[in-house]
Amino acid sequence: MGLKLNTQPGIMGVKAYVGGASEIAGNANAIKLSSNENPLGPSPKAIAAYSAQAANMHRYPSVDHAALRELIAQTYKLDMTRILIGCGSDEIISFLCRAFAGVGDEVLYTEHGFGMYQISARLSGATPVSVPENNRVTDVDALLGAVNENTRLVFIANPNNPTGTMTPNAEIARLADGLPDGCLLVLDGAYAEFVYGFDGGASFVEARDNVVMTRTFSKIFGLGGLRIGWGYGPANVMEVLNRLKGPFNVSGAALAAAKAALEDETYTEHCRAENEKWRGWLAAELGKIGIPSDPSFANFILIRFGSTDEAQAANAHLQNNGLIVRMVANYNLPQALRITIGDETACRQIVTALTEFKAGK
Ligand SMILES: *Cc1c(COP(=O)(O)O)cnc(C)c1O
């Protein structure tokens, strides 16, 4: 008999986050298109900045992340004092749940919403509540209908993962306006940079006192392996979140790489343009062979099949061809597969493999 554990409520109810597969047994050349990583990699300037930090690894990193916060503020025209840098935007999501949602409180997220919302909600003892979407698009009326006096947080990603769809600004405004006092709307802008002219929700943060935005360096900036993201919100919210932050939550190398990545606007623009080009091509080519997808605003497309069996068989066929994509049954989308937009070679291989699949080869 072991020691009696007084494990806090919620923790044992968590199912571990399942990341995108990264290997196929016996195939060293498999192409990974399962985690929405940048196929072009990080900016060479970010790699150089990271390398330059190597000899400093005995030093503790900055506590206040002032240099990076200043650059973010300048780049996006935000108030530096309300920016919080996290160990991935996952950490900001976790801080929000820990700070504002405990036992007896409810945290809303959408049916096909990002997995970390419900995991973080459970870890803080709160009850995650899944709200239906409308044909794979966030349904503001359904969300407002699910809000009650216990609701503390509403998470939506815009563009959403794994659907790739977007919620129009007018709908976001309606949602923010409809929430009761004491309930925060969190706009997860992990894919904001892929949308030309989109501010990720910053203007909502500026105009309201109940909206928080999260952002990441993991997607267009290609720094998923370094774990760095940030949050932006009203001063009183950010003051609370700041207290949850460990003094050294982000490494010096990650801070340096993020700064260099953000400064390299030419490279980011190149990544955005390549993504847009190959996303459009891939969706159109698959459409021609009877594999539909919703117009995506992010760096992946969600392709749909006629049945769960067909989606699984397509996934197996892709694997046999060295292509790793994401099964999304655990996002309540058992008939779909999410494919990260790769480089030209990867996109062409996907089309070739799925054309064979549809032809029954
Ligand atoms: C990838 C992703 C994130 C990023 O998480 P990090 O912890 O910053 O790597 C956040 N939200 C959504 C919806 C994502 O898809």
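Higher on the page you've got the structure.
Because the structure is predicted, anything quoted here is derived from the model rather than measured.

**Student:** Got a minute to help me understand the site of the ligand in this structure?
**Tutor:** Neighbouring the ligand are 14 residues; Asp188, Thr216, Ser218, Lys219 and Arg227 lie closest to it. Between the ligand and threonine 216 there is a distance of 2.5 Å, counted from an oxygen atom to a side-chain nitrogen or oxygen. A distance of 3.2 Å is found between an oxygen atom of the ligand and a side-chain nitrogen or oxygen belonging to lysine 219.

**Student:** Can you walk me through the pairing of strand β7 (residues 211–216) in this structure?
**Tutor:** The side chains of a regular strand alternate between the sheet's two faces. Of all the 6 residues making up β7, 6 are buried; the element is thus mostly covered by neighbouring parts of the structure. By the alternation rule, side chains of β7 split into Val211, Met213 and Arg215 and Val212, Thr214 and Thr216, which are all buried. Sheet topology places strand β6 (residues 184–188) next to β7; 4 bridges connect them, and they run parallel. Note that in β7 the partner of leucine 185 across the bridge is valine 211. Taken together, β6, helix α7 (residues 202–207) and β7 constitute a β-α-β crossover, and its handedness is right-handed.

**Student:** Looking at this model, I keep getting lost on the nonpolar core. Mind explaining?
**Tutor:** The nonpolar side chains of a soluble globular protein tend to be buried, and buried together. Ile85, Leu185, Phe217, Ile228 and Trp230 are the most contacted members of the largest nonpolar core, which has 49 residues in total. The element best represented in this core is helix α9 (residues 252–263), accounting for 6 residues. Each of domain 1 (19–41 + 266–359) and domain 2 (44–263) gives at least three residues to this core. If you look at the next biggest cluster of nonpolar residues, it comprises 29 residues, including Leu84, Phe95, Ala121 and Ala336.

**Student:** Looking at this structure, I do not really get the state of the cysteines. What am I missing?
**Tutor:** Disulfides are covalent bonds that connect the sulfur atoms of two cysteines. According to the stated counting rule, one finds 0 disulfides in the structure shown. The thiol sulfur of cysteine 271 is not disulfide-bonded, and the nearest other cysteine sulfur, from cysteine 347, lies at 14 Å.

**Student:** Help me out: how do you make sense of the side chain of asparagine 158 in this one?
**Tutor:** Its place among the elements puts asparagine 158 in the loop between β5 (151–157) and α6 (169–178). We classify asparagine 158 as buried; its relative accessible area is 4%. There is a polar contact of 2.7 Å between the side chain of asparagine 158 and the backbone nitrogen of threonine 167. When residues no more than four places from it in sequence are discounted, the contact partners of asparagine 158 are Thr165, Met166, Thr167, Ile172, Asp188, Gly189 and Phe198.

**Student:** Before we go on, may I ask you to explain the packing of aromatic side chains in this structure?
**Tutor:** Given two aromatic rings, one states the distance between the centres and the angle between the planes to describe the pair. Under the criterion given, the structure shown has 9 aromatic pairs. The interplanar angle of 40° and the centroid separation of 4.6 Å between the aromatic rings of tyrosine 60 and phenylalanine 248 together place this pair among those described as tilted. In this pair, tyrosine 60 sits in the loop between α1 (44–52) and α2 (66–76) while phenylalanine 248 sits in the loop between α8 (235–244) and α9, placing the two residues 188 residues apart along the sequence. An aromatic cluster is built from Phe114, Tyr117 and Phe155, whose rings are joined through pairwise contacts. Between arginine 215 and the ring centre of tyrosine 76, over which it is positioned, the NZ or CZ distance is 4.9 Å. Above the face of the tyrosine 196 ring, arginine 272 is positioned so that its terminal group lies 5.6 Å from the ring centre.

**Student:** Looking at this structure, how should I read helix α4 (residues 115–123)?
**Tutor:** An α-helical turn contains 3.6 residues, so any two residues separated by three or four positions project in the same direction. Taken together, the buried positions of α4 are occupied by Gly115, Met116, Tyr117, Ile119, Ser120 and Ala121. Looking one or two residues beyond α4, the residue adopting positive phi is glycine 125, at roughly 90°.

**Student:** Just checking my understanding: could you explain the environment of tyrosine 267 for this structure?
**Tutor:** Summarising the element assignment, tyrosine 267 is placed in helix α10 (residues 265–288). By relative accessible area, tyrosine 267 is classed as buried at 16%. Taking the C-alpha atoms as reference, tyrosine 267 lies 18 Å from arginine 279; in sequence the two are 12 residues apart. When neighbours within four sequence positions are excluded, tyrosine 267 is seen to be in contact with Leu40, Gly41, Pro42, Ser43 and Pro44. Polar side-chain contacts of tyrosine 267 include one of 2.8 Å to the backbone oxygen of glycine 41.

**Student:** How should the sheet that holds strand β8 (residues 229–232) be read in this particular structure?
**Tutor:** Hydrogen bonds along the backbone pair up the strands of a sheet, which may run parallel or antiparallel. Taking strand neighbours across the sheet as the criterion, the 7 strands line up as β2-β8-β7-β6-β5-β3-β4 in an open arrangement whose pairing is mixed. Either end of the sheet is taken by a strand with one partner, and the two such strands are β2 (83–86) and β4 (127–131). Direction aside, neighbouring strands of the sheet carry axes that sit 20° apart on average. Across 4 bridges, β2 lies against β8 in antiparallel orientation. Residue pairing in the sheet places glycine 86 in a bridge with glycine 229 of β8. Here helix α3 (residues 89–100) sits on the sheet in contact with β2, β5, β6, β7 and β8, set at roughly 165° to β5.

Rules behind the numbers
By convention here, each chain's residues receive numbers from 1 onward along its written sequence. Since the coordinates come from a predicted model, pLDDT governs what is reported: local features require at least 70, and pairs of side-chain atoms require 80 or more to be given and counted, while whole-chain, interface and lining totals use all residues. Hydrogens and water molecules were not included; the side-chain quantities draw on all heavy atoms of the structure. Residue proximity to a molecule or strand is established when one non-hydrogen atom of the residue lies within 4 Å of it. Polar contact criterion, stated in full: a pair of N or O atoms within 3.5 Å, where within protein one must be able to donate a hydrogen and the other to accept it, and residues adjacent in sequence count only if both atoms are side-chain atoms. Buried, partly exposed and exposed residues are distinguished by accessible area as a fraction of the type maximum, computed with a 1.4 Å probe on protein chains only: under 20%, between the cut-offs, and over 50%, respectively. Think of it this way: any DSSP run of H or I at least four residues long counts as a helix, any run of E at least two long counts as a strand, and we number them from the N terminus. By this definition, two strands are paired if DSSP reports at least two bridges between them. Looking down the strands as they point away from you, a crossover is right-handed if its path from the first strand over the helix to the second goes clockwise. Within this scheme, the nonpolar core is defined by two criteria: the residues are buried Ala, Val, Leu, Ile, Met, Phe, Trp, Tyr or Cys, and they are joined through side-chain atoms within 4.5 Å. These domain boundaries are the output of an automatic or database domain assignment. Throughout, disulfides are identified as pairs of cysteine sulfur atoms within 2.5 Å of each other. When checking whether two residues touch, look at their non-hydrogen atoms; a contact exists if any pair is within 4.5 Å. Only the six-membered ring of Trp is used, alongside the rings of Phe and Tyr, when aromatic pairs are assigned; centres must lie within 6.5 Å, and planes under 30 degrees apart are stacked while those over 60 apart are edge-to-face, with the rest tilted. We count a charge as sitting over a ring when the NZ of a lysine or the CZ of an arginine lies within 6 Å of the ring centre and within 35 degrees of the ring normal. Fitting a line to C-alpha atoms yields each axis, with helices limited to the stretch in contact; the angle taken between N-to-C directions then spans 0 to 180 degrees.

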